[in-house]
Amino acid sequence: EPEVTQTPSHQVTQMGQEVILRCVPISNHLYFYWYRQILGQKVEFLVSFYNNEISEKSEIFDDQFSVERPDGSNFTLKIRSTKLEDSAMYFCAGRDYSSYEQYFGPGTRLTVT
Amino acid sequence: SQELEQSPQSLIVQEGKNLTINCTSSKTLYGLYWYKQKYGEGLIFLMMLQKGGEEKSHEKITAKLDEKKQQSSLHITASQPSHAGIYLCGADIGGSQGNLIFGKGTKLSVKP
């Protein structure tokens, strides 16, 4: 059964550094999402992406964040200058055109020190 | 803004017992999703409900969406230790691309 994959599983970075989180969505998915979950808190929507552009973004997704689909398989989230409060689990998700079922990846745990 | 309230926050049941988790929205839902999460891991898709009165089952788990599309319940029959985890309800609140908001989750423990 196809799965969403994410790399790395855990990333430790120093405050102010740039990080790129990578996702390989399920091949027939066309809508892509990033969510995050700060430890002990709710899962929060960050951004949705369709047809090679951002569809919607939340207040969390400020100028420090960007997303890209550099090729036909990868979907990336970049944080330009990480802050301590960016420490969280980041989840990639996707769905196909006809179904609203969203499938999530296993997440990348980002720790900013 | 729309909120999702889940109850109970946590639940401990004896193996073999039935249980129900509830999810209530402050506004009409366009879609209601149930996921299971093990601590520190990803969200596993369980079911999605869209129509008022809809009910879906998978193995021993049944989810229902009420007629007004503001409340959903997740029912587990004859619970097993493998059912333990955090159950999250998520809702499509009508954003153009189907982005979801989530409840805080219900932590389920099943005692053998």
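Values in this document were obtained by computation on a predicted structure and should not be read as measured data.

Cut-offs and rules
Residues numbered from 1 in each chain as written. Chains lettered and ligands numbered in written order. Predicted model: local features only at pLDDT ≥ 70, side-chain atom pairs only at ≥ 80, totals over all residues. Heavy atoms only, no water. Pairing = 2+ DSSP bridges. Helix = DSSP H or I, 4+ residues; strand = E, 2+ residues; numbered from the N terminus. Axes fitted to C-alpha atoms, helices over the stretch in contact; angles between N-to-C directions. Salt bridge = Lys/Arg side-chain N within 4 Å of Asp/Glu carboxyl O. Buried < 20%, exposed > 50% of the residue type's maximum accessible area, 1.4 Å probe, protein only. Contact = heavy atoms within 4.5 Å. Buried area = accessible area lost by both parts, 1.4 Å probe. Polar contact = N/O pair within 3.5 Å; in protein donor to acceptor, adjacent residues only side chain to side chain. Nonpolar A, V, L, I, M, F, W, Y, C, P; charged D, E, K, R; others polar.

Peer 1: Just checking my understanding: could you explain the sheet that holds strand 8 (residues 71-76) of chain B for this structure?
Peer 2: In a beta sheet, neighbouring strands are held together by backbone hydrogen bonds and run either parallel or antiparallel to one another. Residue and element names in this part refer to chain B. A sheet is described by the order of its strands in space; here five strands give the open sequence 1-3-8-7-6, paired in antiparallel fashion. The open sheet is flanked by strand 1 (4-7) and strand 6 (55-58), the only strands paired with a single partner. Pairs of neighbouring strands in the sheet enclose a mean axial angle of 15 degrees, with direction left out of account. Relative to strand 3 (residues 19-25), strand 1 is paired through four bridges, and the arrangement is antiparallel. Bridging from a neighbouring strand, Gln6 pairs with Cys23 of strand 3.

Peer 1: For this particular structure, what's the right way to read the pattern of salt bridges?
Peer 2: Where charged atoms from two side chains of opposite charge approach closely, those side chains can pair. Applying the stated rule across the entire model yields four salt bridges over all chains. Salt-bridge contacts for Lys42 of chain A lead to Glu3 of chain B; the nearest nitrogen and oxygen are separated by 3.1 Å. Of this pair, Lys42 of chain A sits in the loop between strand 4 (31-37) and strand 5 (43-50) while Glu3 of chain B sits in the segment before strand 1, placing the two residues on different chains. Assessed through its relative accessible area of 35%, Glu3 of chain B is described here as partly exposed.

Peer 1: What exactly am I supposed to notice about the interface of chain B and chain A here?
Peer 2: Think of interface size as the accessible area that goes away when the parts come together; that is how it is often given. Between chain B and chain A, the contact holds 24 residues from the first and 23 residues from the second. A combined buried area of about 1,900 Å² lies between chain B and chain A, and 54% of that area is made up of carbon and sulfur atoms. Broken down residue by residue, the surface that chain B buries against chain A is led by Gln97, Asn99 and Phe102 of chain B, which jointly contribute 31%. Applying the counting criterion to the chain B and chain A interface returns seven residue pairs in polar contact (both at pLDDT 80 or more). Looking at the side of chain B that touches chain A, the elements with two or more residues in it are strand 4 (31-37), strand 5 (43-49), strand 9 (85-92) and strand 10 (100-102) of chain B. Partitioning the side of chain B that touches chain A into residue classes produces 10 nonpolar, 10 polar and four charged.

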